[in-house]
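Below are the chains, spelled out letter by letter.
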Amino acid sequence: MSLRRALLVLLIANAVAPSPALPQLLGDRVEANCSFGAGSSVDNGPAAVLCGLPPEQVAGLVKFAASPSAGDRAVLFVRLHEIVPRDSRFPVEAVARFLEILHEQPIDDAKLADRFARIAREHGRLVPEIRALPAVDPEVQALRDAAAAALQGAPDHDRARAELEEARNLVRAKRAARIAAGMPVDRGREEADLLRAQARVETARLRFAEAARLHEQAARLLPAEDRAGRAADWESAGLRWTDQGRYFGDDPALANAIAAYQAALEEQTREQAPLHWARTQLNLANAFYFLGAREPGTGRLEAAVVAYRLALRETPRERMPRDWAATQTNLGVALAALGERESGTGRLEESAVAYRLSLQERTRERTPLDWASTQVNLANVLVMLGERDSGTDRLEEAVAAYRLALQEMTRERMPLAWARARGGLATAFMLLGAREAGTARLEAAVADYRLALEEMTHERAPLDWGQLQMNLGATLLALGERETGTGRLEEAVSAFGLAQQELTRERAPLEWARTQWGLGTALMVLGERETGPRRLEQAVSAFRLALQEITRERMPLQWAQTQMNLGNALSTLGARGTGTAHLEEAVSSFGLALQELTRERAPLQWAEAQMNLGNALARLGEREAQTARLEEAVSSFRLALQEWTRERVPLQWAQTQMSLGVALSALGERETGTGRLVEAVAAWDLSLTVGDSGWPQERAGVVRSARDQAQAEIARRLSK
């Protein structure tokens, strides 16, 4: 008759802080994208138009641009003439070429408009920069002008690159001739200028790795005494390697970026150029973060935190308030990523402090969209803190922060950012609902997830869509646990199944593991309500799959929670069989979970693990002649009640009192006195003070019947 609260799946996919944005740096370009509306970050011509189109329409234009069919090209130009403003700085021929570039790179449909904005921004500056290249030699000047001409109209990047390559060869040959004649030479500066121009051409067509290599060549050409020039080229190489790593998931490119930034820091020290040093530290920190976010350990993330803090030493708030605030935000993101992987809350607390500092400068009046973005980041961390806290204050703070952000992140202005914030709000509601007796917050979470999915569609943002489906499944699961039917649980299984279409182990291993975890939990609860073992066996398999990625080293708290759910499924399977193997495995799983879920670190989850361990021990004790296991079960239940109090979690308190009564009753049946039976009756009476109103009627009736039987036995024994 033992009952337990199935562990709510803690996924928080949409509450995880987004990647830090690269702030504008000296000598670098602002990265154009559609994240905050066309007017704020992209050219107000075709880039703004494409940023306003649904992803499927942008993908359709790209397919037409890449088609060898003359008919498709004709259709493309008709459509472009319809949507490109007449006063656009780029003719439709150039726009068509930009679309071809998008086809040449492995870019998800959801990111095509962002990448188009980047191409447009780069090309807007490319021709003037090439024309401004210093060239004393008339032949070199002619080749430079030919390269610039090749990039006008419909850009011919291959031709422009070839013209610049020929200019480099000419410069190199003339330099060699000067050296042979004993004449003074420029020692590689002119050739380095041409290499940078070639790098800009490659950047403009999103060939970042090639651009990075060209910048590295330029750095090596400069004389040793030109430390500032060499540092600038190494930093430019780092920026392009970072682009390659971020845009195309290229981890070796991010490692190359780190090496390039470190080379730049060797050329220009803090004492020589403090501002440039700080900005290079900031770029280095970003590269460490991007790589660390993809790796299982914490070493790179720790390095990112160190570099952000070094950058802040030379980015004073009084002199550079915007850069200071941006760096505080990025520091907060790195600390949040560390905090998510650690069992304590120290890093998460530090992250919240960094975001609050940033908000002192990123005010709604000055920079409303940066303010909203930072409010979302703060809310994300508050959710993670609230998850690990026994109270609800942090979660209520998170709700307030999300709602503030949504005042600026409107659905009309920025639909995807609105959907992410709405998903974060839903997660806060989900966690609040898990701690309340009613279902209003959980229902609100379901409604918000479904609203977010109206904008975060499978076609537009497949990974985000998968994460929203995963969290929707977790919330439906929590609702299903509180209902007698199986409808919500079946919906949860369906949502987890949809999530797995995109959150594959190859593409997103941790999210895949979390989805396996959620699916396993839903199957486990369904299995408890069915007579056969099939669903429970499927649940055990799902939890064991999840543990292949959710390791103790990588994610200690989630590993412990997964061990606990595995133990629950094994315990229920064991209760239905005649042997003890499944129950022994369950006790082992709960013991592993308690190694990480300590009372000091996670009091509510510690109590849950004690409760579940008590249930498994009680089931074992019922099958053994000795009473040691039953005594251990009673001890575990009483430990659980130290944190699962009636005031804090009334339903869990009542369930534990009920399970305590079961174990005491089993002990009482083996004793001649009435002490244990009296304790059992007292525990059941306490459980019914909540259960009569909070449980299904059938469950309360079972407890009342057991209590009445125990009272009758007490009377019988006393009458002898």
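Residues numbered from 1 in each chain as written. Predicted model: local features only at pLDDT ≥ 70, side-chain atom pairs only at ≥ 80, totals over all residues. Heavy atoms only, no water.

**Considerations on the overall build of the protein chain**
Then, in step 1: If you tally the helices and strands in the protein chain, you get 31 helices and 0 strands.
Then, in step 2: C-alpha extents for the protein chain along the principal axes are approximately 125 × 60 × 50 Å.
Then, in step 3: Of all 720 residues assigned to the protein chain, the portion counted as buried reaches 59%.
Then, in step 4: In the protein chain, the proportion of contacts linking residues at least 24 apart, taken out of those at least 6 apart, comes to 66%.
Then, in step 5: Counting only carbon and sulfur atoms, one obtains 50% of the accessible surface of the protein chain, whose full area is about 28,200 Å².
Then, in step 6: Looking at the protein chain, you have 89 positive and 97 negative side-chain charges, and the mean spots of the two groups are 1 Å apart. (Helix = DSSP H or I, 4+ residues; strand = E, 2+ residues; numbered from the N terminus. Buried < 20%, exposed > 50% of the residue type's maximum accessible area, 1.4 Å probe, protein only. Contact = heavy atoms within 4.5 Å. Areas by Shrake-Rupley, 256 points an atom, 1.4 Å probe, with all protein chains shown as cover. Lys, Arg positive; Asp, Glu negative; His and termini not counted. Charge placed at Lys NZ, Arg CZ, Asp CG, Glu CD.)

**Brief notes about the environment of phenylalanine 543**
Then, in step 1: If you trace the backbone, phenylalanine 543 turns up in helix H24 (residues 534–546).
Then, in step 2: If we ignore the near neighbours within four places in the chain, the residues touching phenylalanine 543 are Trp517, Gly520, Thr521, Met524, Thr562, Asn565, Leu566 and Ala569.

**Details of the packing of aromatic side chains**
Then, in step 1: What the rule picks out here adds up to 6 aromatic pairs.
Then, in step 2: Between the aromatic rings of phenylalanine 208 and tyrosine 247, the centroid separation amounts to 5.0 Å while the plane-to-plane angle is 90°, which identifies the pairing as edge-to-face. Of this pair, phenylalanine 208 sits in helix H10 (residues 208–221) while tyrosine 247 sits in helix H11 (residues 227–248), and the two are 39 residues apart along the sequence. As far as the burial class goes, phenylalanine 208 and tyrosine 247 line up, both buried. (Phe/Tyr/Trp six-rings, centres within 6.5 Å; stacked < 30°, edge-to-face > 60°.)

**Structural notes on the nonpolar core**
Then, in step 1: Counting 170 residues, the largest nonpolar core has Tyr289, Tyr308, Val381, Tyr402 and Trp684 as its most contacted members.
Then, in step 2: Among the nonpolar cores identified, the runner-up in size contains 33 residues, and Ala47, Ala65, Val92 and Ile107 belong to it. (Core = buried A, V, L, I, M, F, W, Y, C linked by side-chain atoms within 4.5 Å.)

**Thoughts on the packing of helix H6 (residues 112–131) against helix H9 (residues 189–204)**
Then, in step 1: For the pair H6 and H9, interaxial distance at closest approach is 9 Å and the crossing angle is 155°. With respect to each other, H6 and H9 are oriented roughly antiparallel. Where H6 crosses over H9, the handedness of that crossing is left-handed. Here Arg118, Ile119, Glu122, His123, Leu126, Glu129 and Ile130 of H6 lie close against H9, whose contacting residues are Ala197, Arg200, Val201, Thr203 and Ala204. (Axes fitted to C-alpha atoms, helices over the stretch in contact; angles between N-to-C directions. Parallel < 35°, antiparallel > 145°, perpendicular 65-115°, else oblique. Left-handed = near helix turned anticlockwise from the far one by under 90°.)

**Remarks on the packing of helix H7 (residues 138–150) against helix H8 (residues 157–180)**
Then, in step 1: The interhelical angle for the contact between H7 and H8, taken along N-to-C directions, is 165°, at an axis separation of 8 Å. Here H7 lies roughly antiparallel to H8, going by the angle between them. For the pair H7 and H8, the sense of crossing is left-handed. Contact residues: H7 offers Glu139, Val140, Leu143, Ala146, Ala147 and Ala150, while H8 offers Arg159, Ala160, Glu163, Leu164, Glu166, Ala167, Leu170, Val171 and Lys174.
Then, in step 2: Grouping the constituent residues of the contact of H7 with H8 by class yields 10 nonpolar, no polar and 5 charged. (Nonpolar A, V, L, I, M, F, W, Y, C, P; charged D, E, K, R; others polar.)

**A short note on H11**
Then, in step 1: Along its 22 residues, H11 runs 31 Å from first to last C-alpha, staying within 8% of the 32 Å computed at 1.5 Å per residue.
Then, in step 2: With respect to burial, H11 is a largely interior element, 18 of its 22 residues being buried.
Then, in step 3: Phi turns positive, to about 60°, at glycine 249, one or two residues after H11. (Expected span 1.5 Å × (residues − 1).)

**Comments concerning a negative patch on the surface**
Then, in step 1: On the surface, Glu56, Asp108, Asp109 and Glu459 cluster together to form a negatively charged patch.
Then, in step 2: With respect to the helices and strands, aspartate 109 occurs in the loop between helix H5 (92–104) and H6.
Then, in step 3: Exposure remark for aspartate 109: the relative accessible area of 38% places this residue in the partly exposed category. (Patch = residues over 30% accessible without salt bridge, like charges linked within 9 Å, V, L, I, M, F, W, Y side chains within 5 Å. Salt bridge = Lys/Arg side-chain N within 4 Å of Asp/Glu carboxyl O.)

**Details of the pattern of salt bridges**
Then, in step 1: Taken as a whole and judged by the stated rule, the model has 68 salt bridges.
Then, in step 2: Linking glutamate 396 and arginine 441 is a salt bridge whose minimum nitrogen-to-oxygen distance equals 2.6 Å. Of the two residues, glutamate 396 sits in helix H18 (residues 393–408) while arginine 441 sits in helix H20 (residues 440–455), which places them 45 residues apart along the sequence.
Then, in step 3: The shortest N-O distance in the salt bridge between arginine 638 and glutamate 679 comes to 2.5 Å. Of this pair, arginine 638 sits in helix H28 (residues 628–643) while glutamate 679 is found in helix H30 (residues 675–694), placing the two residues 41 residues apart along the sequence.
Then, in step 4: Sharing partners across several salt bridges, the network here consists of Asp158, Arg161, Glu202, Arg205, Glu210 and Arg213.

**Considering helix H12 (residues 251–267)**
In an α-helix, one turn spans 3.6 residues; hence positions three or four apart end up facing the same way.
Then, in step 1: The end-to-end C-alpha distance of H12 is 25 Å, a good match for the 24 Å that 17 residues give at a rise of 1.5 Å each.
Then, in step 2: Among the residues of H12, those classed as buried are Ala253, Leu254, Ala257, Ile258, Ala260, Tyr261, Ala263, Ala264, Leu265 and Glu267.
Then, in step 3: Buried residues belonging to H12 abut H11, helix H13 (274–292) and helix H14 (299–313).
Then, in step 4: Two to three positions downstream of the cap, the backbone nitrogen of alanine 253 sits 3.1 Å from a side-chain oxygen, assigning the N-cap of H12 to aspartate 250. (Polar contact = N/O pair within 3.5 Å; in protein donor to acceptor, adjacent residues only side chain to side chain.)

**Some details on unusual backbone geometry**
Then, in step 1: At leucine 206, a residue that is not glycine, the phi angle is positive and equals roughly 65°.
Then, in step 2: Locating leucine 206 in the fold gives a position in the loop between H9 and H10.

**Considering the environment of valine 587**
Then, in step 1: Within the element layout of this structure, valine 587 appears in helix H26 (residues 581–596).
Then, in step 2: Each C-alpha atom of the pair valine 587 and asparagine 568 lies 9.3 Å from the other, and the pair is 19 residues apart in sequence.
Then, in step 3: Valine 587 has contacts with Leu613, Ala616, Leu617 and Leu620, leaving out every residue within four places of it along the chain.

**A short note on the side chain of aspartate 243**
Then, in step 1: On the secondary structure map, aspartate 243 appears in helix H11.
Then, in step 2: Classification of aspartate 243 as buried rests on a relative accessible area of 3%.
Then, in step 3: Residue contacts for aspartate 243: discarding those within four places in its chain leaves Arg118, Phe208 and Phe248.

**Regarding the confidence of the model for the protein chain**
Then, in step 1: Of the residues in the protein chain, 94% reach a pLDDT of 70 or more, and the chain-wide mean stands at 90.
Then, in step 2: In this model residues 1–27 is a low-confidence stretch, pLDDT under 50, and it forms 119 contacts with partners more than four residues away in sequence or in other chains.
Then, in step 3: For the stretch residues 36–42, pLDDT sits under 50, and the model shows 16 contacts to residues farther than four places along the chain or on other chains. (pLDDT = per-residue confidence, 0-100.)

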